[in-house]
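Understanding the architecture of this molecule
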Amino acid sequence: MKDIKVLGPGCKRCQTTAEMVQTEADRLGVAVAIEKVTDYAAIASFGIASTPGIVIDGKVVHAGGLPKAEDIAQWLA
Amino acid sequence: MTECCSKTAVDSIPAEPNPTASPSTFAWLAGTLAALTAWGLAYAFLQPAADWATALLPLEPGSHLAEAVAFFLYDTPKVLMLLVLVVFAMGVVRSFFSAERTRALLAGRHEGRGNVAAACLGIVTPFCSCSAVPLFIGFVSAGVPLGVTFSFLIAAPMVNEIALGLLWALLGWQVALAYLGFGLLIAIVAGWVIGRLHLEGWLQDWVRNVRAGAVELPGQRLTIVDRLKAGLDAVADIVGKVWTWVIAGIAAGALIHGYVPAELLAAIMGREAWWSVPAAVVVGIPMYSNAAGIIPVVEALLGKGAALGTVLAFMMSVIALSAPELIILHKVLKGRLIAVFVAVVGLGILAVGFLFNALFA
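Residues numbered from 1 in each chain as written. Chains lettered and ligands numbered in written order. Predicted model: local features only at pLDDT ≥ 70, side-chain atom pairs only at ≥ 80, totals over all residues. Heavy atoms only, no water.

Brief notes about the pairing of strand β3 (residues 53–56) of chain A
On any regular strand, side chains alternate: one points to one face of the sheet, the next to the other face. All names here are of chain A. Burial along β3 is two-sided: G53 and V55 and I54 and I56, pointing in opposite directions, are all buried. Alignment of strand β1 (residues 2–7) against β3, held across four bridges, turns out to be antiparallel. By the bridge assignment, K5 is partnered in β3 with V55. In terms of strand pairing, β3 meets strand β4 (residues 59–63) through four bridges, oriented antiparallel. Bridging from a neighbouring strand, I54 pairs with H62 of β4. Linkage of β3 to β4, two consecutive antiparallel strands, is achieved through a turn of two residues, within which D57 is found at a positive phi near 50 degrees. (Buried < 20%, exposed > 50% of the residue type's maximum accessible area, 1.4 Å probe, protein only. Helix = DSSP H or I, 4+ residues; strand = E, 2+ residues; numbered from the N terminus. Pairing = 2+ DSSP bridges.)

A look at the pattern of salt bridges
Inspection of the entire model under this criterion finds 10 salt bridges over all chains. Residue R196(B) is joined to E111(B) by a salt bridge in which the shortest nitrogen-to-oxygen separation is 2.5 Å. Within this pair, whereas R196(B) is found in helix α10 (residues 173–196), its partner E111(B) is found in the loop between α5 (99–106) and α6 (113–124), the two being separated by 85 residues in sequence. On the basis of relative accessible area, R196(B) is assigned to the partly exposed category, the value being 41%. The residue K334(B) makes a salt bridge to D205(B) at a minimum N-O spacing of 3.4 Å. Note that K334(B) is positioned in the loop between α17 (323–329) and α18 (335–359) and D205(B) in helix α11 (residues 205–209), a separation of 129 residues in sequence. Assessed through its relative accessible area of 46%, D205(B) is described here as partly exposed. Taken together, the salt bridges that share partners define one network made up of D3(A), K5(A) and E35(A). (Salt bridge = Lys/Arg side-chain N within 4 Å of Asp/Glu carboxyl O.)

Considering the interface of chain A and chain B
A common measure of how large an interface is: the accessible area buried when the components associate. Between chain A and chain B, the contact holds 19 residues from the first and 22 residues from the second. Among the residues of chain A in contact with chain B, R13(A), Y40(A) and A49(A) are the three that bury the most area, contributing 35% of the side total. Summed over the shared surface of chain A and chain B, the number is two salt bridges. For the side of chain A that touches chain B, the elements supplying multiple residues, two or more each, are α2 (40–45) and β4 of chain A. For the side of chain A that touches chain B, the element with the highest residue contribution is α2(A), accounting for five residues. (Contact = heavy atoms within 4.5 Å. Buried area = accessible area lost by both parts, 1.4 Å probe.)

As for unusual backbone geometry
That bond from T51(A) to P52(A) is cis: its omega, -5 degrees, falls within 30 degrees of zero. Structurally, the position occupied by P52(A) is in the loop between α2 and β3. We note that D57(A) has phi near 50 degrees; this positive angle belongs to a residue other than glycine. On the secondary structure map, D57(A) appears in the loop between β3 and β4. The backbone of H198(B) sits at a positive phi, close to 50 degrees, despite the residue not being glycine. Checked against the element boundaries, H198(B) lands in the loop between α10 and α11.

With respect to the sheet that holds β1(A)
All names here are of chain A. With respect to topology, four strands assemble into an open sheet ordered β2-β1-β3-β4, the strand pairing being mixed. In this open sheet, the two edge strands, each paired with only one partner strand, are β2 (32–37) and β4. With direction set aside, neighbouring strand axes in the sheet form an average angle of 20 degrees. Lying over the sheet, helix α1 (residues 12–28) contacts β1, β2 and β3, oriented at roughly 175 degrees with respect to β2. (Axes fitted to C-alpha atoms, helices over the stretch in contact; angles between N-to-C directions.)

Things to note about the environment of G353(B)
Looking at where G353(B) falls in the secondary structure, it is placed in helix α18. Residues G353(B) and W274(B), spaced 79 residues apart in sequence, show a C-alpha to C-alpha distance of 9.9 Å.

Some words on the nonpolar core
Ranked by internal contacts, the top residues of the largest apolar core, which has 115 residues, are L83(B), M158(B), Y179(B), M315(B) and L333(B). Of the residues forming this core, the biggest block, 11 residues, is contributed by α10(B). When sequence neighbours within four positions are dropped, the list of residues in contact with L333(B) reads F136(B), F150(B), W202(B), L203(B), Q204(B) and I338(B). Counting residues in hydrophobic clusters, the runner-up holds 10 residues, among them V21(A), V32(A), I56(A) and W75(A). (Core = buried A, V, L, I, M, F, W, Y, C linked by side-chain atoms within 4.5 Å.)

What about a nonpolar patch on the surface?
Nonpolar side chains collect at one region of the surface, where L264(B), I268(B), W274(B), W275(B) and F354(B) lie side by side and expose about 550 Å² of accessible area between them. Overall, I268(B) belongs to the partly exposed group, its relative accessible area being 41%. (Patch = residues over 30% accessible without salt bridge, like charges linked within 9 Å, V, L, I, M, F, W, Y side chains within 5 Å. Areas by Shrake-Rupley, 256 points an atom, 1.4 Å probe, with all protein chains shown as cover.)

Examining the confidence of the model for chain B
Residue and element names in this part refer to chain B. In this model, chain B carries an average pLDDT of 83, and 90% of its residues clear a pLDDT of 70 or more. Looking across chain B, the model is least confident in helix α1 (residues 2–12), with a mean pLDDT of 37, and most confident in helix α2 (residues 23–44), with 91. Taken as a whole, residues 1–19 scores under 50 in pLDDT and shows 21 contacts with residues more than four places along the chain or in a different chain. Across the interface, the model reports ipTM at 0.76; the global pTM reads 0.78. (pLDDT = per-residue confidence, 0-100.)

Some words on the packing of helix α7 (residues 132–141) of chain B against helix α8 (residues 146–158) of chain B
All names here are of chain B. The interhelical angle for the contact between α7 and α8, taken along N-to-C directions, is 150 degrees, at an axis separation of 9 Å. Considered as vectors, α7 and α8 are oriented roughly antiparallel to each other. Classified by chirality, the crossing of α8 by α7 is right-handed. Residues L135, F136, F139 and V140 of α7 touch α8, and the partners they reach there are L146, T149, F150, F152 and L153. Looking at the contact of α7 with α8 residue by residue, the classes come out as eight nonpolar, one polar and no charged. (Parallel < 35°, antiparallel > 145°, perpendicular 65-115°, else oblique. Left-handed = near helix turned anticlockwise from the far one by under 90°. Nonpolar A, V, L, I, M, F, W, Y, C, P; charged D, E, K, R; others polar.)

This is the structure:
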């Protein structure tokens, strides 16, 4: 089970990012628990300056803009 | 200005071009070249095509309606085509910058040169409005001085790169360059002033307690194809979002062009009416439009004899100071600091308005 956090104040891009991660996980058959982090202080504590951000098992893998589907697949592998 | 901007750009370009350019890279480059050529050809034929289309309509030549329709038919494809080109170019340029990179470049910079660098980076660093707060916290907690952060935050909306590209194409390079220069000047001076005032205490309390970690993002080595794709993504994203604003702006411009008497407009927004600059700022602040939507209005106003400084002041206040952005910033700034921000930027815009009216007589 991968622990995934999507960082973002709740704008449309952040929603889309979370959906993309879920879709990609379903496609690859990877079990994930996605948590949305919307608190600004919590977002900042991860050290990113642009949202949406993605954290997988405690490691920041992406910040700023929508991720690419093939990148998500790589992070989940 | 050129020093700070070009330096960062050079830093971020990979030292050597990819030596093993694959066939798909050539296909992308050839495709881009073909698309640009097609764009140029189509653009050259816009005026005859618009004239032809207008002539087909049952309109009395020279009437108000015919003037308005001709403006609309010519300007709509023209502005949309320019918009696509400008947004594509900016998408490619922006792939060289990221908010995290910018923060690292600005961390520990001192005031003065830091303000200059921040203002320049504010133009090219991509961030969406919902990122304003994380970005602000990220900057301040990483040790970027408050005044330098403000230079960035002011330059980002004030010197809008889309507005810049469209001004260049529609009104000439002098106007575009003056807009760029004075926009940067406002961002630099306003940020410096806010830094001098030492207003750190006017941040919301929780902001000062946030300790941000530094993050190393996995190195993303982007290829030329990746950057061209980033340009296309930007076109799909931004043009897809703003095209309705643009058409509304062109329609407003067409009405002004066809129906507003030049004498009336010159009396209200002309150089003789000194009060028109502050009035334009006061009217512009609560309006929320898109940079791309406001340019056709600017074009039409200037065509009717409005003064350049007044029109630019109006445009800058519409773009740079918007209510939604101020509401978002209230999460990190106390009301007093927001008021200082609005006042300093507003004064800067006023100064630009008066200066332009004096310079471009």
